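# Fold and geometry: a report
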Amino acid sequence: MKITAYEVRPDEKDYLLAAAQQEQIEITLVQGPMTQDNIDRAEGADGITILGDTKMDAALIEETAKRRIRVVATRTIGYDHIDLNAAKSNGVHVCNGYYDPDGVAEYTVMLILMSLRNYKQALFRGNANDYSLGGLIGRELRNLTVGIIGTGKIGQKVAQNLQGFGCRILAYSRRQQFNSRFLTMHQKVLQTAQVSAFLHARLLLNQCFQAQLQALPLICLNRLRYIGHLLVFFFSD
């Protein structure tokens, strides 16, 4: 069996090589995402594995099928970067990864707390032996409303973790999945929530929120921060 791995990170290289040796698989490692320009690196492969920067649109899937590559495995939970309809019509099997949501959910709560407590600025000051408190007064979650956009496994776990802080939780999803107060429109979450966490909802963000982000008052835009995979808004009371 032959596999071509795209978007291979430095921390993945040794693991992939060891796994290939153990399973007696021939593997080709490619650093960048799969494109029309480097698809020939997968020539003769039975399957390919990718990460989220590879955009498996209909054209790329058709080229994949022409080379008799029948499996596309994404090393991510999400698969919105793959055209599933094109894969089905071309006989290409798609599979995705899985990992427990606890780590990401706890990391999300940590980032929310760090943001509310201005901890990044406090850490920088502490490193310079500056222990002044000006501009570092934070806010308590128990007094805030948290809106969660995207309630998959990670979103649900974040909501469960936040319940212990006593905050009000609003959630939006295309389908109701757990006991919380659900809003029927994502705009209402934006309008109501004082802290909004967007969890693995990249496609939803791209389709629904660009206009809302551009229309936000200046005071809100000044408080918009990207922290890793977490998008946090601080809304005025």
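Residues numbered from 1 in each chain as written. Predicted model: local features only at pLDDT ≥ 70, side-chain atom pairs only at ≥ 80, totals over all residues. Heavy atoms only, no water.

So, on to the sheet that holds strand β2 (residues 26–29). Read from one edge to the other, the open sheet built from 5 strands follows the order β2-β1-β3-β4-β5, with strand pairing classed as parallel. Among the strands making up the open sheet, the edge pair consists of β2 and β5 (93–96). This sheet shows a mean twist of 20 degrees between the axes of neighbouring strands, independent of strand direction. With 4 bridges connecting them, strand β1 (residues 2–5) and β2 associate as parallel partners. For K2, the partnering residue across the bridge sits in β2 and is E26. Packing against the sheet, helix α1 (residues 10–23) makes contact with β1 and β2, and its axis sits at approximately 165 degrees to β2. (Pairing = 2+ DSSP bridges. Helix = DSSP H or I, 4+ residues; strand = E, 2+ residues; numbered from the N terminus. Axes fitted to C-alpha atoms, helices over the stretch in contact; angles between N-to-C directions. Contact = heavy atoms within 4.5 Å.)

Time to look at the side chain of T49. Along the chain, T49 falls in strand β3 (residues 47–50). The exposure class assigned to T49 is buried, which follows from its relative accessible area of 11%. Engagement of the side chain of T49 in a polar contact is seen with the backbone oxygen of A73, the distance being 3.0 Å. Excluding anything up to four places from it in sequence, T49 contacts I3, T4, A5, Y6, A73 and R75. (Buried < 20%, exposed > 50% of the residue type's maximum accessible area, 1.4 Å probe, protein only. Polar contact = N/O pair within 3.5 Å; in protein donor to acceptor, adjacent residues only side chain to side chain.)

All right, on to the confidence of the model for the chain then. When pLDDT is averaged across the chain, the result is 78; 73% of the residues are at 70 or more. Scored below 50 in pLDDT, residues 178–186 makes 29 contacts in the model with residues more than four places away or belonging to other chains. (pLDDT = per-residue confidence, 0-100.)

Judged by nonpolar contacts, the single largest core of 17 residues is most densely connected at Y6, M34, I48, I50, M56, I61 and V72. When contributions to this core are tallied by element, the ones reaching two or more residues are β3, α2 (58–66) and α3 (84–89). Here the element with the most residues in this core is α2; it accounts for 3 residues. For I50, the contacting residues outside a window of four places in its chain are Y6, E7, M56, V72, A73, T74, R75, H81 and I82. Formed by 14 residues, the second largest nonpolar core is a distinct cluster that contains A105, L116, V146 and A159. (Core = buried A, V, L, I, M, F, W, Y, C linked by side-chain atoms within 4.5 Å.)

Running from N to C, helix α4 (residues 102–116) and helix α6 (residues 153–163) cross one another at 50 degrees; their axes reach a closest spacing of 9 Å. Here α6 runs oblique to α4, going by the angle between their axes. Note on packing geometry: the crossing formed by α4 with α6 is right-handed. Within the contact between the two elements, α4 uses D102, V104, A105, E106, T108 and V109 and α6 uses I154, K157, V158, N161 and L162. Tallied by class, residues from the contact of α4 with α6 come to 6 nonpolar, 2 polar and 3 charged. (Parallel < 35°, antiparallel > 145°, perpendicular 65-115°, else oblique. Left-handed = near helix turned anticlockwise from the far one by under 90°. Nonpolar A, V, L, I, M, F, W, Y, C, P; charged D, E, K, R; others polar.)

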